[in-house]
There are 2 protein chains.
Amino acid sequence: MRKGEATRGRIIDCAARLAAVRGLTAVSLGDVADAVGLSKSGLFKHFESKDAMQMAVVEAVMERFGEIVWKPAETHPPGRGRLEAVFEHWLHWCENEWAESGCPIMQLTTELDDQPGPPREYLHMGLGMFRAAVIREFQALRDPPLTEAEAKAAYFQMRSFILGLSEARRMMGDGDAERSARAAFEALLDRTARSAAA
Amino acid sequence: MRKGEATRGRIIDCAARLAAVRGLTAVSLGDVADAVGLSKSGLFKHFESKDAMQMAVVEAVMERFGEIVWKPAETHPPGRGRLEAVFEHWLHWCENEWAESGCPIMQLTTELDDQPGPPREYLHMGLGMFRAAVIREFQALRDPPLTEAEAKAAYFQMRSFILGLSEARRMMGDGDAERSARAAFEALLDRTARSAAA
DNA sequence: ACAGAAAGTGAACGATCGTGCTCTTTCTGG
DNA sequence: CCAGAAAGAGCACGATCGTTCACTTTCTGT
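Residues numbered from 1 in each chain as written. Chains lettered and ligands numbered in written order. Predicted model: local features only at pLDDT ≥ 70, side-chain atom pairs only at ≥ 80, totals over all residues. Heavy atoms only, no water.

**A closer look at the overall build of chain A**
And then number 1: Each helix and strand counted, chain A has 9 helices and 0 strands in total.
And then number 2: Put simply, chain A runs from its N terminus to its C terminus through helices and strands in the order α-α-α-α-α-α-α-α-α.
And then number 3: For chain A, the C-alpha atoms occupy an extent of roughly 60 × 35 × 30 Å along the three principal directions.
And then number 4: Every one of the 198 residues in chain A was classed for burial, and the buried ones make up 51%.
And then number 5: The contacts of chain A with a sequence gap of at least 6 include a subset with a gap of at least 24, amounting to 67%.
And then number 6: Surface summary for chain A: the accessible area is close to 9,000 Å², and the carbon and sulfur share equals 54%. (Helix = DSSP H or I, 4+ residues; strand = E, 2+ residues; numbered from the N terminus. Buried < 20%, exposed > 50% of the residue type's maximum accessible area, 1.4 Å probe, protein only. Contact = heavy atoms within 4.5 Å. Areas by Shrake-Rupley, 256 points an atom, 1.4 Å probe, with all protein chains shown as cover.)

See the structure below:
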């Protein structure tokens, strides 16, 4: 049972990239089968249904996100350095790791935000854990620590700049977007770190 | 030829709200026909194809966006007051006008950003004109005027906060998101207005 | 009020959707 | 190396997709 796992991985990868472009629901099993070079019925040896495959895609994307964006930042000391590492890897995730298709998390979020079910729940949970972790880092940015409200507000802006970058570059074709996002984030760190306590 | 235009409007409205929830491609003609209370074939008396209907939806959404977000702000004097009016109406557009479905422009953007064709072009043009107009307002925010690069960077952040608000409230269920967005925008105006010239 | 146009229905089409079935090929543990 | 399991192909199914066409109902200009 070794070869099976390899193809299962290839299926998920192809499905994820197609879903990042066209959306999870818009990708048919025929599309995935063609992309991975299998027959439609062959897919059912790896997933019991289309829903199960979609769920596997969501899980794989979130796991990979943690692996690429959060995990390498953990090697940095808490505080500003770690926040900068997270942001830098987040940019890399959006602009390089998913350069052709765009960030699948943004696609999945807008697609699933009003569609109840396990995929939405999983996405919600993953994003929530990431958000909580980054908020903790923001709190450690200053002495005395930021209040939770201040840190949440800072995360709101950080996440906003990532979303803004995706739209600016992918829809508006703004080549300066990455620079704008980076500058906005650095300025956010500056004024957050040196702000007085409430 | 009076009744026809009315139903055509109802069709577009229903289709737009369905598309804001599930995406443009994911909405079938059967869905629209049911929602508006017509037969599938009846739709073809108002649109020659599904593509034409989708194009009409995009046009209607963008026109309504201009009507609700930009036009009322024109009554305010240029500068900070007008920018605040635009942002306030933009929030209203996202949070009230499309409360149940979420902003259709954000949905359409993530759906069409890597799907060439007339709908994408129309969306790109509409967003580009709006962006250029808001950038002009940012330039008028200070004396001497902001450079174009400074104004573009400010618009980038403004747009980012709107996108951040949508995700925070719709996916994360963050009730404070609207307050966060407003506070972030006011702070952006403050530091932009009193920044020194380059 | 009446004729012609517009609006809308219902059935049917070919294509594609997700899924189950049987059958063959390929792998892998003992 | 061989038997059993896993991986995959091919076909067929009912449902739904977008679209067309012939037909009926409803509106509207004169």
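**Here we look at the environment of Arg136 of chain A**
And then number 1: For Arg136 of chain A, the location among the structural elements is in helix H7 (residues 118–139).
And then number 2: Since its relative accessible area comes to 53%, Arg136 of chain A is described here as exposed.

**Remarks on the protein's contact with DNA strand D**
And then number 1: Near DNA strand D you find 18 residues, and of these Gly4, Ser39, Ser41 and His46 of chain A together with Lys50 of chain B are the closest.
And then number 2: Counting only atoms of DNA strand D within 4 Å of the protein, the sugar-phosphate share comes to 53%.
And then number 3: Taking Thr7 of chain A, its side chain carries an N or O atom lying 3.4 Å from a phosphate oxygen of DNA strand D.
And then number 4: Within the residue set of the surface near DNA strand D, elements represented by two or more residues are helix H1 (3–22) of chain A together with helix H3 (40–43) of chain B.
And then number 5: Ranked by residues supplied to the surface near DNA strand D, first place goes to H1 of chain A with 3 residues.
And then number 6: For the surface near DNA strand D, the per-class residue count stands at 4 nonpolar, 8 polar and 6 charged. (Near = heavy atom within 4 Å. Polar contact = N/O pair within 3.5 Å; in protein donor to acceptor, adjacent residues only side chain to side chain. Nonpolar A, V, L, I, M, F, W, Y, C, P; charged D, E, K, R; others polar.)

**A closer look at the protein's contact with DNA strand C**
And then number 1: Around DNA strand C lies a shell of 21 residues, among which Lys50 of chain A together with Gly4, Ser39, Ser41 and His46 of chain B are the nearest.
And then number 2: Among the atoms of DNA strand C lying within 4 Å of the protein, the sugar-phosphate backbone contributes 54%.
And then number 3: Between DNA strand C and the protein, one listed contact pairs a phosphate oxygen with a side-chain N or O atom of Ser39 of chain B at 2.8 Å.
And then number 4: Between a base oxygen of DNA strand C and a side-chain N or O atom of Lys45 of chain B, the distance comes to 2.9 Å.
And then number 5: Listed by contribution, the elements that provide at least two residues to the surface near DNA strand C are helix H2 (29–36) and helix H3 (40–43) of chain A together with helix H1 (3–22) and H3 of chain B.
And then number 6: With 3 residues, H1 of chain B is the single largest residue contributor to the surface near DNA strand C.

**Comments concerning the relation of the copies chain A and chain B**
And then number 1: The two copies are related by a screw motion: chain A maps onto chain B through a turn of 180° and a shift of 0.0 Å along the axis, at an RMSD of 0.0 Å. The superposition of one copy onto the other is thereby described by a two-fold rotation axis. Among all residues of chain A, the minimum C-alpha distance to the rotation axis is found for Ser160 of chain A, at 2.4 Å. (Least-squares fit on C-alpha atoms with pLDDT ≥ 70 in both.)

**Overview of the packing of H1 of chain B against helix H4 (residues 50–70) of chain B**
Helix-helix packing is described using two parameters, namely the angle between the two axes and the distance between the axes.
Residue and element names in this part refer to chain B.
And then number 1: Closest axis-to-axis distance for the H1/H4 pair is 9 Å, and the angle between their directions is 85°. Relative to H4, the element H1 lies roughly perpendicular. The segment H1 lies against H4, with Arg8, Ile11, Ile12, Ala15 and Ala16 engaging Met53, Ala56, Val57, Ala60 and Val61.
And then number 2: Here the residues of the contact of H1 with H4 sort into 9 nonpolar, no polar and 1 charged. (Axes fitted to C-alpha atoms, helices over the stretch in contact; angles between N-to-C directions. Parallel < 35°, antiparallel > 145°, perpendicular 65-115°, else oblique.)

**Quick look at the nonpolar core**
And then number 1: Ranked by internal contacts, the top residues of the largest apolar core, which has 134 residues, are Trp90, Trp93 and Phe138 of chain A together with Trp90, Trp93 and Phe138 of chain B.
And then number 2: Every residue in contact with Phe138 of chain A, bar those within four places of it in the chain, is listed here: Leu83, Leu146, Ala151, Ala154, Tyr155, Met158, Phe185, Leu188 and Leu189 of chain A. (Core = buried A, V, L, I, M, F, W, Y, C linked by side-chain atoms within 4.5 Å.)

**As for the pattern of salt bridges**
And then number 1: Evaluated as defined, the whole model comprises 38 salt bridges over all chains.
And then number 2: Asp174 of chain A is paired through a salt bridge with Arg131 of chain B; the nearest N and O atoms lie 3.6 Å apart. Of this pair, Asp174 of chain A sits in the loop between helix H8 (148–170) and helix H9 (177–193) while Arg131 of chain B sits in helix H7 (residues 118–139), on two different chains. In this structure, Asp174 of chain A and Arg131 of chain B share a single accessibility class: buried.
And then number 3: Residue Arg82 of chain B pairs with Glu137 of chain B through a salt bridge whose shortest N-O separation is 2.9 Å. With Arg82 of chain B in helix H5 (residues 80–97) and Glu137 of chain B in helix H7, this pair connects stretches of sequence that are 55 residues apart. Pair check on accessibility: Arg82 of chain B and Glu137 of chain B agree, each one buried. (Salt bridge = Lys/Arg side-chain N within 4 Å of Asp/Glu carboxyl O.)

**Quick word on the environment of Ser49 of chain B**
And then number 1: Inspection of the secondary structure assignment puts Ser49 of chain B in the loop between H3 and H4.
And then number 2: A sequence separation of 20 residues divides Ser49 of chain B from Leu29 of chain B, and the C-alpha atoms of the two residues are 9.8 Å apart.

**Overview of the packing of aromatic side chains**
And then number 1: Across all of its chains, the model carries 17 aromatic pairs over all chains by this definition.
And then number 2: Pairwise contacts between aromatic rings join Phe65, Trp70, Trp90, Trp93, Trp98 and Phe130 of chain A into one cluster.
And then number 3: Lying across the ring of Trp98 of chain B, Arg17 of chain B places its NZ or CZ 4.5 Å from the centre. (Phe/Tyr/Trp six-rings, centres within 6.5 Å; stacked < 30°, edge-to-face > 60°. Lys NZ or Arg CZ within 6 Å of the ring centre and 35° of its normal.)

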